[in-house]
Amino acid sequence: MVYGFCLWFAACALTRGQEEGARLVVRADDMGAFHSANRACIESYRKGIETSVEVMAVAPWFPEAAKMLREHPGLDVGLHLVLTSEWENIKWRPLTQCPGLTDANGYFYPMMGEHPAYPGQSVSGNRWHLSEIEQEFRAQIELALKNIPQLSHLTGHMGATSFDREVAATVKRLAAEYRLPAMDVPGAAETYHYTHVGYDGPGTTPAEKEAAFIRRLERLEPGKNYIFLDHPSFDNAEMETVGHIGYENVAADRQGVVELFTSDRVKQVIREKNIRLINYNDLTKSLPRTAPAAEKVDANGIARYLDAVKKSGQDLHSLMVVRNGKVVAEHWLGEHASHKPHVMFSVSKTYTATAIGFAVAEGRLKVSDRVISFFPDKLPEQVSEHLKTLEIRHLLTMSSGHDVEPKHDGDWLETFFASPFVHAPGTQFVYNSMATYVLSAIIQRVTGEKLTDYLYPRLFRPLGIAGAVWEDSPQGISIGGWGLHVKTEDMAKLGLFILQKGRWNGEQLLPEAWFDEATTSKIASLPAGTKKEDLKVKPKDSDWLQGYGYQMWRSRHRSFRADGANGQYILILPEKNAVIVTTAHIGDMQAELNLIWKYLLPALK
C-alpha cells in the first residue's frame, strides 16, 4: 500500500502536537476521462499533496481508473456526476436512455449553460427532464459503487448537480439514499463548514500556478476548512488532441497542475504553515473532537498513562479515547500516522462477526444454521457426529469442537472440516482463528461478496470507514480472523457503533438485539493456546478469563473488547460511555491493559 505526502504530513502534525493550522482538501478532477489523467491523478497522490480525486463513471477510461483506485485504497474517491462531454475530439454518452440530455449523435451536450461558440449545444438550452437526470445519476452511482467500493462522496462535473434547484434536491435525496455526501450542491459548504478557494493571481504557466497557490496557502486561516481543485494530466500526444473553443492549451495547462501538486516548494510551505491536508471523508464523516474536560475526562490521567507507557518500554503506536461520542484524546507515536492503516490481527474477527450480524438481520442466515449446509463440496467423506451438529454460533464463540486450532494448509475449508472435532460443539473454548475464516466463507457463499464489499454499504460507508483492505486466502476468500488493515479512527468508529448498539447518526443500522447477544459471555474463556489445567492466574487478574461472546472478549471492569495480537484493542466501557482504542507492538498484552486500567479508567470521571 502506498501513502502520499499529504497523509504522512497530516499525521506528523498531529503527532508533534503542534497547534493545528488550516485544513485543506486538495482535489483532482476528471479521472476516467483520459489515460493521461488517470496516471497523473495517481502520481499526484503518490508523490504529491492530492488527497481526493473525482472519477467519471461514463468516461472511456473509467475501467482503468477503477482498477487504479482499487490498487490505492488510501486515496479518497468521489463520483463526478456527469451530464456533459465538453471536448471536441472525444465524447461520451449517458449510461441510460435520456434523449433530453443528448445531441443528434447520442452524445452528451458539450456545455451546461449557453456558450457563444456552441449555440444550442447545452443542457440548460435544451429540454432536459428531471426524471432522466435522476435515472442517469442513479446509474452512474451504482456503476461507480460496483467498481470502487471505497467511494466516499458525490460532486458535479461542470455544475451538473447544482444548475437547477430541483436537480440539486434530487442529488441530495440520492446522496442520502446511497450514504454519499453531496459536496457540490447548495448548502453543502454550510453543512460541512468549508470554503472553496482557487489560485491567488494568474495561473497560466507552471511557475505562475505555484506562486499563486503558495500565496493562497499563506492566506488560509487556522482552524478553517478549505477545498482547492484542479485537473492534473500530462502534456503528451494524447492530451494534445484535447480541447474546445476557448480552451485550447489543455495539455500544457494540466501538466502544470501535476507539477504544482508534486512541487517540493509547495510541500515545504504546507509544513511551515502547519496546514493539515485532509480529504472529503475526513471532512464529512470524522468523529467530532472536543477537549477532555468538556466530557469530564482528566487530561492529566491521559498524560500519566502515556508517560507510564514510555517508562515501561511498551511499543504503543496509537491511542484514541472516545467519550460520549466525541474524541477527547488522540496520539500517534513514532512513525505511525492518523491516516495510515494498521494491521488489526484478531481485531479483524469483530468486523467479521458484525458482517454475520447484518446477514442475520437480513434473514440470509441464522446463528443456529448447521455449518455443513453451506459447504457440501468441502466436507470429508466421513462426516463426524460432532461436525454434523456444528452451528454458526459455535464458530462465533470459539467452541467449534476442535482441541487445537486447525492449520491453514491446502484448501483452508477442507482442512478445517477434516481436522478432528474432539468435543461436542458449544462445550469447550479453544481459540480458533480458522473458525472465523469459515464465518467469512459463509458470508461469501450466502451473499456472493467478500467481507469488505458486503460491509461497505452496511457498515463502512455509513460510518466513514474508507480504504479498508482485507487479505485473502489462496482460495480468494477474505481471511476473516486476521488480515484486516484499517485506521485508528476506524477502530474507534466500530467501537462506538457497538457501544451505541448499532445506532449511528440517528439511524438503527443493525438491531440492538444483535449486540445484546454478541457482547455477553457465551462460554468460559481461556488465553489463546492455554489449557485449563495449565492456568497459573486467577480471573481477578486476567482479562482473558472473563468469558467470550461473538468474536469479542469480556474484560474486567464490566467491559468488553475486540482484541488483536501485540496489543490492538477496541475496549468498550458501557458504564463510562467510552471507547479506548490502541494499536501497538506489545508482547505482554495483559501489561498493556493493566496500564489502561491503572491510568485511563480513573481518568473517565
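Chains are numbered independently. Their residues run from 1 in the order of the written sequence. Reporting of local features is limited, given that this is a predicted model, to residues whose pLDDT is at least 70; pairs of side-chain atoms are given and counted only at 80 or more, and all residues count toward the totals for whole chains, interfaces and linings. As a rule here, side-chain values cover all heavy atoms of the structure and leave hydrogens and water aside.

Brief notes about the nonpolar core
- Only buried residues count toward a nonpolar core. Its members are Ala, Val, Leu, Ile, Met, Phe, Trp, Tyr and Cys residues joined through side-chain atoms within 4.5 Å. When accessible area is computed with a 1.4 Å probe and restricted to protein chains, residues below 20% of their type maximum are described as buried, those above 50% as exposed, and intermediate ones as partly exposed. Counting residues in hydrophobic clusters, the biggest one holds 82 residues, and the most contacted among them are Leu24, Met31, Leu69, Trp92, Phe137, Ile141 and Leu217.
- Pairs of residues are marked as contacts when any of their non-hydrogen atoms sit within 4.5 Å. In contact with Ile141, other than residues within four places in its own chain, are Leu79, Leu81, Leu154, Leu174, Tyr178 and Leu180.

So, the packing of aromatic side chains
- Between the rings of Phe, Tyr and Trp (Trp by its six-membered ring), a pair exists once the centres lie within 6.5 Å; its type follows the angle of the planes, with under 30 degrees stacked, over 60 edge-to-face, and the other angles tilted. Here the structure, examined in full by the defined rule, presents 22 aromatic pairs.
- Each residue in the set Phe374, Phe375, Phe416, Phe417 and Phe421 is aromatic and connected to the rest through ring pairs, giving one cluster.
- Directly above the ring of Tyr107 sits Arg93, whose terminal nitrogen or CZ lies 4.3 Å from the centroid.
- Lys522 extends its terminal NZ or CZ atom over the ring of Tyr550, reaching a point 5.3 Å from the ring centre. Consider the ring centre and the ring normal. A charge sits over the ring if Lys NZ or Arg CZ is within 6 Å of that centre and within 35 degrees of that normal.

Overview of the layout of surface pockets
- By volume, the largest pocket amounts to about 620 Å³.
- Two kinds of site are reported from a 1 Å grid over the protein atoms alone, namely cavities, where a 1.4 Å probe fits but cannot get out, and pockets, open sets with protein on both sides within 12 Å along at least five of seven lines, and residues are called lining when an atom falls within 4 Å of a point. Taken together, 29 residues make up the lining of the largest pocket; nearest its centre are Tyr192, Thr284, Lys285, Pro462 and Asn505.
- Note that Gly is not counted as nonpolar here; it falls among the polar residues with everything else outside the nonpolar set of Ala, Val, Leu, Ile, Met, Phe, Trp, Tyr, Cys and Pro and the charged set of Asp, Glu, Lys and Arg. Of the residues contributing to the lining of the largest pocket, the split by class is 16 nonpolar, eight polar and five charged. Grid points are joined across faces, edges and corners, and a volume is the space filled by probe spheres set on the points.

Structural notes on the sheet that holds strand β18 (residues 578–584)
- Strands are treated as partners if at least two bridges between them are detected by DSSP. Starting at the N terminus, helices and strands are each numbered in turn, a helix being any DSSP run of H or I of at least four residues and a strand any DSSP run of E of at least two. Read across the open sheet, the six strands follow the order β9-β8-β18-β17-β16-β15; overall the sheet is antiparallel. Looking along the sheet, the strands with just one partner apiece sit at the ends: β9 (326–332) and β15 (553–555). Neighbour to neighbour, the strand axes of the sheet diverge by 15° on average, direction disregarded.
- Where helices are involved, their axes are fitted lines through C-alpha atoms of the stretch in contact, as for all axes, and angles between N-to-C directions lie from 0 to 180°. Helix α21 (residues 589–603) contacts β8 (316–323), β15, β16 (559–564), β17 (568–573) and β18 of the sheet and is inclined by roughly 40° relative to β17.

Considerations on the packing of helix α12 (residues 299–312) against α21
- Put simply, α12 and α21 touch, their axes get as near as 8 Å, and they point 165° apart. Put simply, α12 runs roughly antiparallel to α21. Of the two elements, α12 crosses α21, and the hand of that crossing is left-handed. Contacts between α12 and α21 involve Gly301, Ile302, Arg304, Tyr305, Ala308, Val309 and Ser312 on the former and, on the latter, Leu595, Ile596, Tyr599, Leu600 and Ala603.
- Partitioning the contact of α12 with α21 into residue classes produces nine nonpolar, two polar and one charged. Roughly parallel refers to an angle under 35 degrees, roughly antiparallel to one over 145, roughly perpendicular to one between 65 and 115, and oblique to any angle outside these ranges. Note on convention: the crossing is left-handed when the near helix lies turned anticlockwise from the far helix by less than a right angle, right-handed when the turn is clockwise.

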